[in-house]
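What follows is each chain in one-letter form.
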Amino acid sequence: MKIGDIDLKRSWPALAGIGAIIAVLAAAFAWTSGLLGQRVTNMTFLEDTQHDFPAGYRRAHGKGMCFEGVFRSSGEAAKYSHASVFAQPETRAIGRFSIGSMSPYAADNSTSTVSMAMMLTADNGQQWRMKMNNEPYFPTRDAPGFLEMMKATAPDPSTGNPNPQQLAAFLAEYPEARKYMEADAVKPWASSFAGATYYAIHAYYLLAEDGRRQAMRWWLRPHAAFTAWSDEERAGASHDALFKEVGQRLTKAPLQWDIVMQLAAPGDPVDDPSQPWPETRQQVVAGTLEVQRVFDQTDGVCRDVNFDPTLIPAGMALSNDPVLATRAGIYAHSYNSRLHEIGYGKATDAVGKKTAQ
Amino acid sequence: MTTETRTVTKTSQANEAGQPERFNLLARLLHWTMAAAIIAMLFIGVAMMTSLTWRPELLDLHQPLGIAILLLAIVRLVNRLRHGAPALPADIPRWQVISAKASHWVLYALMFSLPLLGWGVRSAGGWPVTMLPGVTLPPIAPTHPVWYAVLRDAHGLLAWLLFAVVLMHLCAALMHAWVRRDGVFSTMTPGGLYHRYRRNRK
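Remember, predicted model here, so these are calculated numbers, not experimental data.

## Quick look at the overall build of chain B
Scanning chain B from terminus to terminus reveals five helices and two strands. The N-to-C order of helical and strand elements in chain B reads α-α-α-β-β-α-α. Along the first, second and third principal axes, the C-alpha set of chain B runs to 60 × 30 × 30 Å. Taking the contacts inside chain B whose residues are at least 6 apart along the sequence as the reference set, 68% of them involve residues at least 24 apart. Accessible surface, chain B as shown: approximately 10700 Å² in total, 70% of it carbon and sulfur.

As structure tokens, this is what we get:
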């Protein structure tokens with residue numbers, strides 16, 4: 001049999017081979033891109049929010065307020081890293097306070113998680129982007145564990161409480177999550193962004209000019225005292241209580257945080273975000289952040305920034321913490337979704353336009 | 001089956017119309033180097049949008065590799081314009097000749113546009129285009145959501161188009177090599193394979 005000038009009787013093995021090569025390549029590409037198969041990818045974490053979310057808003061921690069300030073280095077970290085930001089006296093900072101709820105319309109008393117994101121741009125143009133929470137460590141050793149925890153702690157529709165068997169199965173798989181869940185249950189509710197400590201959680205390396213690598217984790221230690229809500233105060237707190245409070249404080253004086261770096265000792269778990277290092281480890285104060293002014297998150301200067309914590313300046317390196325890497329992918333998809341909505345004119349209040357009602 | 005009408009001499013590698021008998025060494029080197037780089041690049045590109053653990057490393061690779069492909073594409077285009085391409089066998093149907101030529105120029109267009117679009121995406125998103133730690137390229141597009149949305153869409157869609165055209169190209173090349181056996185494939189292979197093919201045809 002012939003098709004055109006191709007003799008099928010003679011050429012069928014060659015044709016089958018070509019078909020197989022093309023099919024394998026196409027299938028491998030489809031699998032790699034997540035179109036084929038059911039595995040957990042960066043998109044899994046965003047659920048339906050890529051398509052179904054208030055247009056233009058960040059897909060997690062959607063409610064926030066941006067700030068402007070300055071980072072003043074102490075020079076101490078320059079011994080461990082040749083990044084300019086640790087050597088130059090002052091670096092401009094753009095950042096954002098946010099709350100842990102997903103929805104941009106959430107009430108400020110809906111979550112005990114408060115966060116700070118920040119971008120420092122050194123004089124040589126090198127950027128350092130950060131994302132920090134008021135929690136010193138991550139619940140699980142990897143990102144799929146976080147999905148498992150969400151599932152295991154979700155209320156069972158029939159009882160209104162988490163299913164105890166599911167919870168037990170999760171804790172057997174991720175025993176490290178127990179200490180997080182116990183701490184979370186008694187965690188005080190910060191009544192101000194100003195007094196909260198913000199932890200970067202993931203470890204990074206400081207790279208010195210002479211090639212030395214020092215693993216470290218940092219957090220932002222507030223100069224203001226920590227204040228917490230009682231249960232009654234929290235129940236009675238207004239919808240935007242935290243954001244109003246930080247704005248009021250800044251009309252009186254700027255707010256400060258020290259960037260404290262905790263240096264790992266040999267053998268400390270660098271790549272596991274669920275394992276904090278002993279408190280006795282050496283600490284270095286890299287400098288002080290001064291937050292001077294807050295402004296609305298509809299302003300593009302901050303709205304259009306992806307605070308991706310894997311974007312670090314020369315003089316620093318990422319650890320192999322898997323959650324840090326997953327974060328980068330999730331943030332990229334969130335950024336793509338919302339920048340498309342903003343860019344194609346679909347966003348309204350996220351860009352400061354009044355919603356047509 | 002095709003009969004070989006072209007002659008091979010040691011001194012001349014061109015036929016009467018001035019077309020080369022086969023692609024020159026530079027073209028062949030660039031073709032196979034870039035084939036590997038482009039296929040790797042396509043897989044890196046989609047993997048860095050899904051991988052739970054490798055995104056930072058893949059992104060570190062994606063940027064310099066993209067710029068390397070752009071630079072190699074310039075050398076390749078100059079070489080192609082100066083030295084041309086071998087003629088296809090006379091018995092190949094017209095539609096195949098047209099689609100072969102069109103797909104080659106589509107491949108050239110994508111080899112240039114995808115790296116430039118990627119550079120533009122990074123620029124429009126306000127990110128540095130990092131070649132090595134501390135070595136960055138200047139932005140080539142304004143940092144703006146409209147630019148970001150359009151460039152990012154174009155980069156993604158054209159990457160899928162490139163993958164489709166690469167598969168078609170590969171399919172056609174293997175049809176020439178294994179089914180038609182008309183010498184087209186060996187115009188791009190290393191010299192040894194080419195001469196062995198010629199001997200076998202005699």
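## A short note on the overall build of chain A
On a plain count of helices and strands, chain A comes out with nine helices and 14 strands. The buried share of chain A, reckoned over its 357 residues, is 51%. Partitioning the intrachain contacts of chain A with sequence separation of at least 6 by distance along the chain shows that 74% fall at a separation of at least 24. Carbon together with sulfur atoms contributes 55% to the accessible area of chain A, which is approximately 16200 Å² in total. One way to put it: in chain A the 34 positive side-chain charges average out to a point 4 Å from where the 38 negative ones average out.

## Considerations on the pattern of salt bridges
Residues and elements named next belong to chain A. In the structure shown here, the tally under the stated rule is 18 salt bridges over all chains. Where aspartate 108 meets lysine 63, a salt bridge forms, and the shortest distance between an N and an O atom there is 2.6 Å. Here aspartate 108 is found in the loop between β4 (90-99) and β5 (114-121), whereas its partner lysine 63 is found in the loop between α1 (8-32) and β3 (64-73), with 45 residues between them in sequence. As far as the burial class goes, aspartate 108 and lysine 63 line up, both buried.

## Remarks on the side chain of Ser51(B)
You can see Ser51(B) is positioned in the loop between α1 (25-47) and α2 (55-83). Here the side chain of Ser51(B) touches Thr53(B) through a polar contact of 3.2 Å, landing on its backbone nitrogen. Here Ser51(B) is in contact with Asn42(A) and Leu58(B), once residues within four sequence places are set aside.

## What to know about the interface of chain B and chain A
Opposite the 39 residues of chain B that make contact, chain A presents 49 residues. Here chain B meets chain A over a buried area of about 3700 Å², counting both sides, of which 70% is carbon and sulfur. Summed over the three residues of chain B that lose the most area to chain A, namely Thr50(B), Leu52(B) and Pro145(B), the buried surface amounts to 18% of that side. Among the elements of the structure, α1, α2 and α4 (145-180) of chain B are those that each provide at least two residues to the side of chain B that touches chain A. No other element matches α4(B), which puts 17 residues into the side of chain B that touches chain A.

## A closer look at the domain arrangement of chain A
Here chain A is partitioned into domain 1 (1-37) and domain 2 (64-141 + 176-321). Centre-to-centre separation of domain 1 of chain A and domain 2 of chain A, based on C-alpha positions: 52 Å.

## Notes on the UniProt feature "transmembrane region" (unreviewed entry) in chain A
Within the UniProt annotation, "transmembrane region" (unreviewed entry) is assigned to residues 12-31 of chain A. With 100% helix and 0% strand, residues 12-31 of chain A has end C-alpha atoms that lie 28 Å from one another.

## What about the UniProt feature "transmembrane region" (unreviewed entry) in chain B?
Residue and element names in this part refer to chain B. In the numbering used here, UniProt assigns the feature "transmembrane region" (unreviewed entry) to residues 29-49, 61-81, 102-121 and 157-179. Secondary structure within residues 29-49 divides into 90% helix and 0% strand; the distance between the first and last C-alpha atoms comes to 31 Å. Along residues 157-179, the helical share is 100% and the strand share 0%, with 32 Å between the first and last C-alpha atoms.

## Thoughts on the pairing of strand β6 (residues 127-133) of chain A
Of all seven residues making up β6(A), seven are buried, and the element is well covered by its neighbours. On β6(A), burial covers both faces: Gln127(A), Arg129(A), Lys131(A) and Asn133(A) on one face and Trp128(A), Met130(A) and Met132(A) on the other are all buried.

## Remarks on the pairing of β5(A)
All names here are of chain A. By the criterion of burial, β5 is predominantly enclosed, with seven of the eight residues buried. Direction of pairing for β4 relative to β5: antiparallel, over a ladder of eight bridges. Residue pairing in the sheet places isoleucine 94 in a bridge with methionine 119 of β5. Relative to β6, β5 runs antiparallel, the two being bridged by seven bridges. Along β6, the bridge assignment pairs methionine 116 with methionine 132. Here β5 hands over to β6 after five residues, with glycine 125 in that stretch at a positive phi of 90°.

## Considering the state of the cysteines
Residues and elements named next belong to chain A. In the structure shown here, the tally under the stated rule is one disulfide over all chains. Between cysteine 66 and cysteine 302 runs a disulfide, and the two sulfur atoms are separated by 1.9 Å. Note on the cysteine 66 and cysteine 302 pair: the S-S dihedral is about -55°, so by sign convention the disulfide is left-handed. Of this pair, cysteine 66 sits in strand β3 while cysteine 302 sits in helix α8 (residues 300-303), placing them 236 residues apart in sequence. For the residue pair cysteine 66 and cysteine 302, the accessibility class agrees, reading buried in each case.

## Here's the deal with α2(B)
Here α2(B) is 29 residues long and its end C-alpha atoms lie 40 Å apart, about the 42 Å a rise of 1.5 Å per residue gives. Positive backbone phi, approximately 70°, marks Gly84(B), located one or two places after α2(B).

## Some points on the packing of helix α3 (residues 94-124) of chain B against α4(B)
All names here are of chain B. Put simply, α3 and α4 touch, their axes get as near as 9 Å, and they point 150° apart. One way to sum up the angle between α3 and α4 is to call them roughly antiparallel. Like other packed secondary-structure pairs, α3 and α4 cross with a definite hand, here left-handed. For the contact of α3 with α4, a count of residues per class yields 17 nonpolar, seven polar and one charged.

## Re the confidence of the model for chain B
Mean pLDDT over chain B stands at 90; residues scoring 70 or higher make up 90%. Residue range residues 1-12 of chain B is modelled with pLDDT below 50. Its contacts to residues more than four positions away, or to other chains, number 18 contacts.

## A few points about the UniProt feature "domain: Cytochrome b561 bacterial/Ni-hydrogenase" (unreviewed entry) in chain B
Sites flagged by UniProt as "domain: Cytochrome b561 bacterial/Ni-hydrogenase" (unreviewed entry) map to residues 22-191 of chain B. Segment residues 22-191 of chain B splits into 71% helix and 4% strand. End C-alpha atoms: 10 Å apart.

Rules behind the numbers
Residues numbered from 1 in each chain as written. Chains lettered and ligands numbered in written order. Predicted model: local features only at pLDDT ≥ 70, side-chain atom pairs only at ≥ 80, totals over all residues. Heavy atoms only, no water. Helix = DSSP H or I, 4+ residues; strand = E, 2+ residues; numbered from the N terminus. Contact = heavy atoms within 4.5 Å. Areas by Shrake-Rupley, 256 points an atom, 1.4 Å probe, with all protein chains shown as cover. Buried < 20%, exposed > 50% of the residue type's maximum accessible area, 1.4 Å probe, protein only. Lys, Arg positive; Asp, Glu negative; His and termini not counted. Charge placed at Lys NZ, Arg CZ, Asp CG, Glu CD. Salt bridge = Lys/Arg side-chain N within 4 Å of Asp/Glu carboxyl O. Polar contact = N/O pair within 3.5 Å; in protein donor to acceptor, adjacent residues only side chain to side chain. Buried area = accessible area lost by both parts, 1.4 Å probe. Domains from an automatic or database assignment. UniProt positions renumbered as here; feature names shortened; annotations may be inferred. Pairing = 2+ DSSP bridges. Disulfide = S-S within 2.5 Å. Expected span 1.5 Å × (residues − 1). Axes fitted to C-alpha atoms, helices over the stretch in contact; angles between N-to-C directions. Parallel < 35°, antiparallel > 145°, perpendicular 65-115°, else oblique. Left-handed = near helix turned anticlockwise from the far one by under 90°. Nonpolar A, V, L, I, M, F, W, Y, C, P; charged D, E, K, R; others polar. pLDDT = per-residue confidence, 0-100.

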